[in-house]
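So the chains spell out like this:
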Amino acid sequence: MSEIQIFCGTGSGKSAAALGQAVSWACHGKSVFIVRFLKGKAGAEQEFMKRLEPEIKLFTFEHYDGCYEQLTLEKRLAEQQNIRNELGFARKVMVTNECDLLILDEILGLVAMDIISAQEVMELLKDAGEDMHITLTGTTCCDELRDMADLVHEVTDSSHGSR
């Protein structure tokens, strides 16, 4: 089975940690795909990440600017179909073993927002080729996904006072 890593927790930097992993893999000649969920189609972060192509390929199927949570109900429903298409694309990448590292950025947020179930994510992950490495990110991670992972990184914010 493929190797699964999770970056989760209430702290900031989960997507940045996954991006660091992507850069490291790309530096070693590995192919990297990043599929982003819930972050919209625009933004400075996305524009920067596009400059990393072709070594790191970025995919998002969302059509609206801004985060999912900020959209109207009508736009959220439209984006849910785009998200389903994105999940279909991720499945195709896994089945065809199209890359060495696949990062599903904020897929755990889809579960937390009840857009998809943890069971659907587990079924998706079962489609991955044996040599594929997969990284999931998001704030909350349920026990079922945690148990399926080979490595879970808990990211928290901490304050140590003045130094």
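One can find the structure itself at the top, above this paragraph.
Residues numbered from 1 in each chain as written. Predicted model: local features only at pLDDT ≥ 70, side-chain atom pairs only at ≥ 80, totals over all residues. Heavy atoms only, no water.

Let us look at the packing of helix H3 (residues 73-95) against helix H5 (residues 118-126). Between H3 and H5, whose axes approach to 9 Å, the crossing angle comes to 30°. As the angle between them shows, H3 and H5 are arranged roughly parallel. Two secondary-structure elements touch here, H3 through Arg84, Leu87, Ala90, Arg91 and Met94 and H5 through Glu120, Glu123, Leu124 and Leu125. Residues that form the contact of H3 with H5 fall into these classes: 5 nonpolar, no polar and 4 charged. (Axes fitted to C-alpha atoms, helices over the stretch in contact; angles between N-to-C directions. Helix = DSSP H or I, 4+ residues; strand = E, 2+ residues; numbered from the N terminus. Parallel < 35°, antiparallel > 145°, perpendicular 65-115°, else oblique. Contact = heavy atoms within 4.5 Å. Nonpolar A, V, L, I, M, F, W, Y, C, P; charged D, E, K, R; others polar.)

Let us now look at the nonpolar core. Core analysis: the biggest nonpolar cluster contains 37 residues, and Leu104 and Ile107 have the highest contact counts within it. Among the secondary structure elements, those contributing two or more residues to this core are strand E1 (3-8), strand E2 (32-36), H3, strand E4 (101-105), helix H4 (107-112), H5, strand E5 (133-138) and helix H6 (143-148). Those residues in contact with Leu104 that sit more than four places away from it in its chain are Val35, Phe37, Ala90, Met94, Leu124, Ile134, Thr135, Leu136 and Thr137. With 12 residues, the next largest nonpolar core counts Ala18, Ala22, Met49 and Ile103 among its residues. (Core = buried A, V, L, I, M, F, W, Y, C linked by side-chain atoms within 4.5 Å. Buried < 20%, exposed > 50% of the residue type's maximum accessible area, 1.4 Å probe, protein only.)

As a further point, take the packing of aromatic side chains. According to the stated counting rule, one finds 3 aromatic pairs in the structure shown. Centroid distance Phe33 to Phe59: 5.1 Å. Interplanar angle 55°. Geometry classified as tilted. Of this pair, Phe33 sits in strand E2 while Phe59 sits in strand E3 (residues 56-59); the two residues are 26 residues apart in sequence, bridging distant segments of the chain. Taking 4.6 Å as the distance between ring centres and 45° as the angle between the ring planes, the aromatic pair formed by Phe59 and Phe89 counts as tilted. Note that Phe59 is positioned in strand E3 and Phe89 in helix H3, a separation of 30 residues in sequence. These aromatic residues form a ring-pair network of at least three members: Phe33, Phe59, Phe61 and Phe89. (Phe/Tyr/Trp six-rings, centres within 6.5 Å; stacked < 30°, edge-to-face > 60°.)

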